[in-house]
Amino acid sequence: MCWLGWATLFAIALSVNSLSKHDMFDYGEQAGDQLLEQGTDQTQALILNQSMFFFDGAYDTVYINTNGFLAVEEPKVESEYLGKMPASFGMIAIFLGDLDNSDGVGKVYYRQDSRPSVLLRTIDHISQAFPQDDEIKPTHALIITWENVAAHGEHGRGDGLDRKRNTFQLVVASMASASYAILFYPREGLQYISTPVAGQSVPVHAGFSQGLVQAWFSWSSSQGPYYRIATDDEASVRQLSEETNSGRRGVWVYEIGTSPFFSSITPGLIEFPPYEHEEEEETPEPELPPTIYPLVQTRYPEPVQTRYPETVQTRYSVPVQPAQLQPPRYQPQTPQVVVVDEDDALDVDVFAYSSETCASNRQKCSSFADCKDYTNGYCCHCRPGFYGNGKDCVAEGKPQRMNGKVSGRVFVGNSPSPLEFYNNDLHSYVVANDGRAYVAISTIPAGLGPSLQPLSSLGGVIGWAFALEQPGYENGFSIIGGVFSRQAEVTFLPGNERLTIKQEFKGVDEHDHLVVSTELEGRLPEVPHGSTVQIDPYKELYQYGSNRITSSSNRDYTVSLLDGSVQTKTYQWRQTITYQSCPNDEAVRDVQPTQQLSVDQIFVMYDSGNQLIRYAMSNKIGSIHGGPPEQNPCFTGRHGCDTNAACRPGEGVQFTCKCSTGFTGDGRQCYDIDECRETPEICGSHAVCNNQPGTFRCECVDGFQFASNGKTCVEVDRPIDHCQRGTNNCDIPERARCSYTGASAYICSCLSGFVGDGHTCQELEKTQCERDRESIQVSSDTGSFSFFRPRPAVSQYIPTCDQHGAYEPTQCHGSIGQCWCVDGNGQEVPNTRTGPGQRPLCIDQAVIPPPIGPTTRPDVSPVAPGTHLLFAQSGKIEHIPLDGYSMNKGEAKALLHLPDRVVIAVAYDCVEKMVYWTDITGPSISKASLEGGDIISLVTTDLESPEGLAIDYLARLMFWTDSMKDRIEVAKLDGSQRRVLFDTDLVNPRPIVADPSYGRLYWADWNRDGPKIEMSNMDGTDRTVLVKDDLGLPNGLTYDPESQQLCWADAGKRLFTKNMLTLSVKSYAKRAYTIDFAVAREAVVAVDHTTDRETDEFLPQKRSRVYGIATTPTQCPQAYNYCSNNGGCSHLCLPRRSGFTCRCPDVVDGSCVERNL
């Protein structure tokens, strides 16, 4: 490819915005479409104007079906394939499920189109996904659009307008020798991701299935390849609209068939991961979701045959065996940034060899390597046809990719404030047989992007790792593999700006991609917006020592400004690379102590429209001495071998091209070997072979998973509802309730009137009110009367008790029509009696302590059995039973699974036993029952980052903070009647707690310039700053109603324990439970109030960020406020210290009355 081709490749505009319906190809009757007949399983045969290539076949007739697929043969009835994929017939499943358009709202459109405007759009999408293909000239397009189709069996209110509906589109573009599929999933078009199948909700399928194929040497048929785009995980289906392989979210491009040779379904090359919530550095960010590669349950079969020539160039002087086709058994891993303090030595614990033997450590070598025992231990050596350090081996000649994350805190020019960014995406691609490297980093803000242009080596380390080797020299990956650490110091002249680059390379993942995390810290000289940068070719010396490589160079670059002026600048580059080699190899490896990396044809560009920084360069590794340049095309890179081939030098300028392992051909053109077709039974029973470029995978069919040996597919254990089957260990149904929580798990809880852990429940002792009530009822039955003065002495009066057995604060006597207030002992409060038709506003003064504010700590009550801790961890909410003051860590379970959500705050309503939470990805506020049931969305509009949540269980109100909108709001517990309480003098409000007994609110403002903790009444009056001195970053807050203590956690001061960085805190009984998200932990920690020491710690199984925390007491605290019965207000009743206020919501209907009482 010429240099112009390089520039063309990096000039592609990769839009990372989400797809909308308007971005799809035109459809509908106005576009000339035909309509598929309405129904739930309708099929329409369509004779094509031009053949469509699918796998290795050419088809002139296709079949369009309601259920979200296009078939190449007449499909079976839906019961033969729904929930039983892969199907026996060939199909493109764009959104395969039990779909329905019989209600007249949903429609399926289709047409064939050869207009130039349509074909040009297909060329744009395909070229963007496959930038190296320069001969894409489709002559025919088939466009199928499923619009507003519903899931069959999901019924609404009758008119069909409230059913969830999906819209998606398939475009098949064909030319003389190939066909491409373009799949469109608009973000607002996917409202459901599963459909009912045989009484169960089953996630839809997306992928390409060849169906049954004829075996080459028998009359029998076997299941052909099934390439899956989405897995059985609903989160994977949801990502269809959020990820891409073509550079545009929601758009997926695949080469689905070629002629005369076909290798495999080939996905587009331009990948960008899903949306990330942009926050400041301390704000939690979502974890990376699963990749879009096929099933997670994947194994690689045992070798079946040798594919390598007997005589191959080898990189080791040790005996080797012929390589066997056995792709690596990698475990998927997510790249993460490793934070290293500036004053720490860069000493990363990469893999280590021990003194053990190959017998017990062979699996630690690459599957493309041999293990050899030595006197002091073992070592791994890549087999012929592969190169690396034995732990990581890749095929010679095969292009290599690198993916990772970039974070940083960088000052630009003379700016006093840094630009901070986190987990930005880095993608790199190297044509290994000629040394060309391409790098792209996404989501770089305009204030930083232009100034990053001179740093081509930011991702160019992959150029050194896979540089084109000159005779007698080896590139970085050949020597040290893919696990190493790199630290570079950059000094810009003449301003002496300094930047530190730290990178952790974590090896080759299951997709043969090198994984890296990068961190930047320091200052860059400013490159004005709109300026271009040209970097001159440079040479860099690499000094090789024991497990350590150093290099340095001076690099000149030119900045061309918008006014036409030109500036020439320089920076000094010094770097250190550390790694772990095998110390047991008795044969000393012959590595040149000094090598020179030559880098030229450097191209850099900042794409401000898409916030992308791009680099390209050509890399060669060779001698530090001068001399005539090598003329053999294998060493110049101008050989014309296929990108999946290795160049073998001969005499003079002679050379040969050899296809890489897993490919076949003459070297000029290489085609993937389809192991699945050649050996159909290679994966065994209940498994599907999925061919991949250069390799293959075995995947268990639906309902099966790999056994512990990683080879045999066994049936999945079906979940058991022990509650329904009666095989649980809960107490008898008269005393306890069994609640099924999914899988085979359940929760035991005592019924009302009983107390215990659910396995053993005891009846609660009757209260005075209950005894009085029972006594009067018994007396009435026997014809006698009981008199309880000073209440009316009339036989029909019976005391009213609340759900906890206490006297209701308001007592009424129906026969005389009078009501009055009582104290905690049931005695009438003087001067509170009202006449018929009226009720006094009562509050139990005996229960509510005098409002004297936070005091010293009194004794506390023991923890009631059945109490749990709730805490949020990214996409789920977990709960831990409390056993006394200790956490019963063995019984910790997930309460709610919320994939693709980032839950921050958690609160609990002890009255209805409901769990409330905030989600910053929606954003939204939702609730669900502690005992199971559907998730109910409460607030989904006019939110940006809800991070604090508090519940008033007496007044039935919820309060929340929004750190992006800088305000505090209140609403009813059902999300109605929203009102903004405060929207001034707030910078970053986060935690908020409520004291229902006094009608008080407390919150913290994480204002870096002026942090504070404030207090107000729930109606917004009496706003007061409680604490403003000696605060850092207060981000956890709790109020203990028994001790009347207000406690907070400070991430800046690291309170509670000296090494703890806390996010949330919850006080209960005599313990404070807090979230610790220090680098070393991510734990739930218990702290004793008395000693201020940690007493217990729980480490979640999934070590990711944990956020909000709450407790679930078995009974509500006995307390009252003036809004317990809404105070007679027309809308919002907001308590305050000595009364309440009737307030209107921000959106009123005209009937609201405001008043103060």
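Residues numbered from 1 in each chain as written. Predicted model: local features only at pLDDT ≥ 70, side-chain atom pairs only at ≥ 80, totals over all residues. Heavy atoms only, no water.

To be explicit about the condition: UniProt positions are given in the numbering used here, feature names are shortened, and annotations may be inferred rather than shown by experiment.
Looking at an unreviewed UniProt entry, the protein chain carries the name Nidogen 1, with the source organism given as Oncorhynchus kisutch. You can read under Subcellular location (unreviewed entry) in the UniProt record for the protein chain the words "Secreted, Extracellular space, Extracellular matrix, Basement membrane".

### As for the overall build of the protein chain
Counted only if it meets this: The numbering of helices and of strands both runs from the N terminus, where a helix is a DSSP run of H or I of at least 4 residues and a strand a run of E of at least 2. For the exposure calls, accessible area comes from a 1.4 Å probe over protein chains only, and a residue counts as buried if that area is under 20% of its type's maximum, exposed if over 50%, partly exposed in between. Any pair of residues with heavy atoms lying within 4.5 Å of one another is described as a contacting pair. Here the accessible surface of atoms and residues is derived via Shrake-Rupley with a 1.4 Å probe, and residues count as covered only by protein chains that are part of the display.
Summing up its helical and strand segments, the protein chain has 10 helices and 76 strands in all. Of all 1157 residues assigned to the protein chain, the portion counted as buried reaches 56%. Intrachain contacts of the protein chain at a sequence separation of at least 6 include 57% that bridge at least 24 residues. As presented, the protein chain carries roughly 49,000 Å² of accessible surface, and 48% of it is formed by carbon and sulfur atoms.

### Here's the deal with the packing of aromatic side chains
What counts here: Between the rings of Phe, Tyr and Trp (Trp by its six-membered ring), a pair exists once the centres lie within 6.5 Å; its type follows the angle of the planes, with under 30 degrees stacked, over 60 edge-to-face, and the other angles tilted. Think of it as a cone above the ring: NZ of Lys or CZ of Arg counts as a charge over the ring if it is within 6 Å of the ring centre and within 35 degrees of the ring normal.
Going through the model one piece at a time under the given rule, you end up with 25 aromatic pairs. Taken together, a centroid distance of 5.3 Å and an interplanar angle of 80° make the contact between Phe 69 and Tyr 81 edge-to-face. With Phe 69 in strand 4 (residues 69–71) and Tyr 81 in the loop between strand 4 and strand 5 (91–96), this residue pair connects regions lying 12 residues apart in the sequence. Taking the relative accessible area as the measure of exposure, Phe 69 reaches 0% and is therefore buried. An aromatic cluster is built from Phe 95, Trp 146, Phe 168 and Tyr 192, whose rings are joined through pairwise contacts. In this structure, Arg 121 packs its charged tip against the face of Phe 25, placed 4.3 Å from the ring centre. The ring centre of Trp 573 lies 4.5 Å from the NZ or CZ of Arg 555, which sits over that ring.

### Regarding helix 2 (residues 116–129)
To be explicit about the condition: To estimate how far a helix should reach, multiply one less than its number of residues by 1.5 Å.
With 14 residues, helix 2 should reach 20 Å at 1.5 Å per residue; the first-to-last C-alpha distance of 20 Å fits that figure. For helix 2, the set of buried residues is Val 118, Leu 119, Thr 122, His 125, Ile 126, Gln 128 and Ala 129.

### Digging into the side chain of Glu 699
Applied cut-off: Any pair of nitrogen or oxygen atoms within 3.5 Å is treated as a polar contact; in protein, a donor-acceptor pairing is required on top of that, and neighbouring residues in sequence qualify only through side-chain atoms on both sides.
Relative to the helices and strands, Glu 699 resides in strand 42 (residues 695–700). The exposure class assigned to Glu 699 is buried, which follows from its relative accessible area of 2%. Here Asn 690 takes part through its side chain, which lies 3.4 Å from a polar atom of the side chain of Glu 699.

### Brief notes about the confidence of the model for the protein chain
Applicable threshold: Predictor confidence is given residue by residue as pLDDT, running from a minimum of 0 to a maximum of 100.
On average, residues of the protein chain carry a pLDDT of 79, and 81% of them reach 70 or more. Under a pLDDT of 50 for its full length, residues 157–161 has, in the predicted model, two contacts with residues more than four places off or in other chains. Low confidence marks residues 845–860, where pLDDT is under 50. Its contacts with residues over four positions away, or in another chain, come to 37 contacts.

### Section: the sheet that holds strand 74 (residues 1132–1136)
Rule in force here: The rule for pairing is simple: two strands pair if DSSP sees at least two bridges between them.
An order of 74-75-76 is seen for the three strands of this open sheet, with the pairing classed as antiparallel. Single-partner strands in this sheet number two, and they are strand 74 and strand 76 (1155–1156). As defined by bridge partners, strand 75 (residues 1139–1143) adjoins strand 76 across two bridges and the pair is classed as antiparallel. For Cys 1142, the partnering residue across the bridge sits in strand 76 and is Arg 1155.

### Let's talk about the sheet that holds strand 13 (residues 205–209)
The cut-off we apply is this: Axis angles are defined between N-to-C directions and span 0 to 180 degrees, where every axis is a line fitted to C-alpha atoms and, for a helix, only to the segment in contact.
If you walk across this open sheet you meet the six strands as 2-3-4-5-13-16, and the pairing is antiparallel. Among the strands making up the open sheet, the edge pair consists of strand 2 (43–54) and strand 16 (226–228). Direction aside, neighbouring strands of the sheet carry axes that sit 25° apart on average. The pairing of strand 13 with strand 16 spans three bridges and is classified as antiparallel.

### Concerning the nonpolar core
As a reminder, the rule being used: Take the buried residues of types Ala, Val, Leu, Ile, Met, Phe, Trp, Tyr and Cys, join any two whose side-chain atoms come within 4.5 Å, and each joined set is a nonpolar core.
Core analysis: the biggest nonpolar cluster contains 62 residues, and Leu 452, Leu 455, Trp 464, Phe 466, Leu 499, Leu 520 and Tyr 615 have the highest contact counts within it. With 43 residues, the next largest nonpolar core counts Phe 55, Ile 144, Val 149 and Ile 265 among its residues.

### Description of the pattern of salt bridges
What counts here: For this analysis, a salt bridge means a side-chain nitrogen from Lys or Arg found within 4 Å of a carboxyl oxygen belonging to Asp or Glu.
The tally for this structure, following the rule as stated, stands at 33 salt bridges. Across the pair Asp 731 and Arg 735 runs a salt bridge whose closest N-O atoms are separated by 3.0 Å. What makes Arg 735 partly exposed here is its relative accessible area of 29%. As a salt-bridge pair, Lys 1012 and Asp 985 come within 2.9 Å of each other at their nearest N and O atoms. With a gap of 27 residues between them, Lys 1012 in strand 65 (residues 1012–1017) and Asp 985 in the loop between strand 62 (979–982) and strand 63 (989–995) connect regions that are remote in the sequence. Here Lys 1012 falls in the buried class, since its relative accessible area comes to 10%. Take Asp 985: its relative accessible area is 55%, and that puts it in the exposed class.

### Some details on the state of the cysteines
Structurally, a disulfide amounts to a covalent bond that connects the sulfur atoms of two cysteines. Condition: Only a pair of cysteine sulfur atoms within 2.5 Å qualifies as a disulfide here.
Within the structure shown, the criterion is met by 19 disulfides. Across the disulfide, Cys 641 is cross-linked to Cys 657 (sulfur-sulfur distance 1.9 Å). Disulfide Cys 641-Cys 657: torsion about the S-S bond near -75°, hence left-handed. Within this pair, whereas Cys 641 is found in the loop between helix 7 (633–636) and strand 37 (645–649), its partner Cys 657 is found in strand 38 (residues 655–659), the two being separated by 16 residues in sequence. Cys 657 carries the same exposure label as Cys 641, and that label is buried.

### What about the side chain of Asp 919?
Relative to the assigned elements, Asp 919 resides in strand 56 (residues 914–919). Excluding residues within four positions of it along the chain, Asp 919 makes contact with Arg 901, Val 902, Ser 924 and Pro 946.

### Some details on the environment of His 511
Within the secondary structure layout, His 511 lies in the loop between strand 29 (497–508) and strand 30 (513–524). Its relative accessible area of 13% is what places His 511 among the buried residues.

### Quick notes on unusual backbone geometry
Note that the residue after Leu 493, namely Pro 494, is joined by a cis bond; omega there is 10°. Pro 923 follows Gly 922 through a cis peptide bond whose omega is -15°. By the secondary structure assignment, Pro 923 is in the loop between strand 56 and strand 57 (924–929). Positive phi outside glycine occurs at Gln 601, with the angle close to 50°.

### Brief notes about the pairing of strand 49 (residues 810–813)
Sheet analysis places strand 49 next to strand 50 (residues 818–821), joined by four bridges and oriented antiparallel. Of the residues in strand 50, the one forming a bridge with Gln 811 is Trp 820. In textbook terms, the turn of a hairpin is the stretch between consecutive antiparallel strands, and for strand 49 and strand 50 this stretch comprises four residues, one of which, Gly 817, has a positive phi near 70°.

### Structural notes on the environment of Lys 1028
Its place among the elements puts Lys 1028 in the loop between strand 66 (1024–1027) and strand 67 (1034–1040). In sequence terms Lys 1028 and Glu 1014 are 14 residues apart; their C-alpha atoms lie 8.7 Å from each other.

### What about the environment of Val 1106?
Following the sequence through the fold, Val 1106 ends up in the loop between strand 72 (1094–1098) and strand 73 (1109–1112). Residues Val 1106 and Ile 904, spaced 202 residues apart in sequence, show a C-alpha to C-alpha distance of 8.3 Å.

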